[in-house]
Amino acid sequence: MRPTRKSVVVAVLALGASITAAYAAGTDPSANDNSYYLYTGALNPSDAGVVAVPSRFKWSVETSWRGTDTQGRDLPDTRVMLRLYDPNHNSTALTAQMDLETAEKLQRELAEIIAKKRENPAFQHRPKLYDPSMTPTGRLTGINKDGKAIIELEPKKTK
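Residues numbered from 1 in each chain as written. Predicted model: local features only at pLDDT ≥ 70, side-chain atom pairs only at ≥ 80, totals over all residues. Heavy atoms only, no water.

Caption draft 1: Geometry of unusual backbone geometry. Look at N90: it is not a glycine, yet its phi comes out positive at around 50°. Positionally, N90 belongs in the loop between β3 (79-86) and β4 (91-99). Note on N90: relative accessible area 75%, which makes it exposed. (Helix = DSSP H or I, 4+ residues; strand = E, 2+ residues; numbered from the N terminus. Buried < 20%, exposed > 50% of the residue type's maximum accessible area, 1.4 Å probe, protein only.)

Caption draft 2: Representation of the confidence of the model for the chain within the structure. Scored by pLDDT, the chain comes out at a mean of 77, with 78% of its residues at no less than 70. Helix α1 (residues 2-26) is the least confidently modelled element of the chain, averaging 42 in pLDDT, while helix α2 (residues 100-119) averages 94, the highest of any element. Scored below 50 in pLDDT, residues 6-30 shows 12 contacts in the model against residues more than four places distant or in partner chains. (pLDDT = per-residue confidence, 0-100. Contact = heavy atoms within 4.5 Å.)

Caption draft 3: Looking closely at the sheet that holds β3. Strand order in the open sheet made by the 4 strands is β1-β4-β3-β2, with antiparallel pairing throughout. Each edge of the open sheet carries a strand with a single partner, namely β1 (35-38) and β2 (58-63). Going across the sheet, the axis of each strand differs from the next one's by a mean of 15°, ignoring polarity. With 6 bridges joining them, β2 and β3 adopt antiparallel strand pairing. The residue bridging E62 from the neighbouring strand is M81, located in β3. On the sheet, α2 packs against β3 and β4 and is oriented at approximately 105° with respect to β4. (Pairing = 2+ DSSP bridges. Axes fitted to C-alpha atoms, helices over the stretch in contact; angles between N-to-C directions.)

Caption draft 4: Spatial organisation of the pattern of salt bridges. Within this structure, the stated rule accounts for 5 salt bridges. Between D69 and R73 there is a salt bridge whose closest N-O contact spans 3.2 Å. Among the salt bridges present, the one from R139 reaches E152, with a minimum N-O distance of 3.5 Å. Separated by 13 residues along the polypeptide, R139 in strand β5 (residues 138-143) and E152 in strand β6 (residues 149-153) bring together distant segments of the chain. You can call E152 partly exposed: its relative accessible area is 41%. (Salt bridge = Lys/Arg side-chain N within 4 Å of Asp/Glu carboxyl O.)

Written as structure tokens, this is what we have:
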């Protein structure tokens, strides 16, 4: 009876490994999708939804890993990954996988900003990230019984 149990366990493990390898091999290694993941369990948001990242967190830059083939060899991947991790708790809070073009653009922009900041510590760089016309506007009309503001939104102006 014991050899049968062992063979069942081996068969289940082999099936799991083959499904994992088939899934990893089924992904297109030439795909250059950018992906960003925030692991919310590692960070605690305030009531307003703002997350304060403790200063102990560290950045790492590494090559991405797509998985292994059926022979256990790493599958090639042309992406790089930025990782924000907590070395004290051995956990990752944020990963950003990007294709080489995105990584090179980020590297150039960061190098330019660093060089300008070294030349002139008063240098400021604030890219336009948002379209101000999309920001809702309104006026405060009162406070409800729960102490929350009642705001009447103004209709968007068309150009």
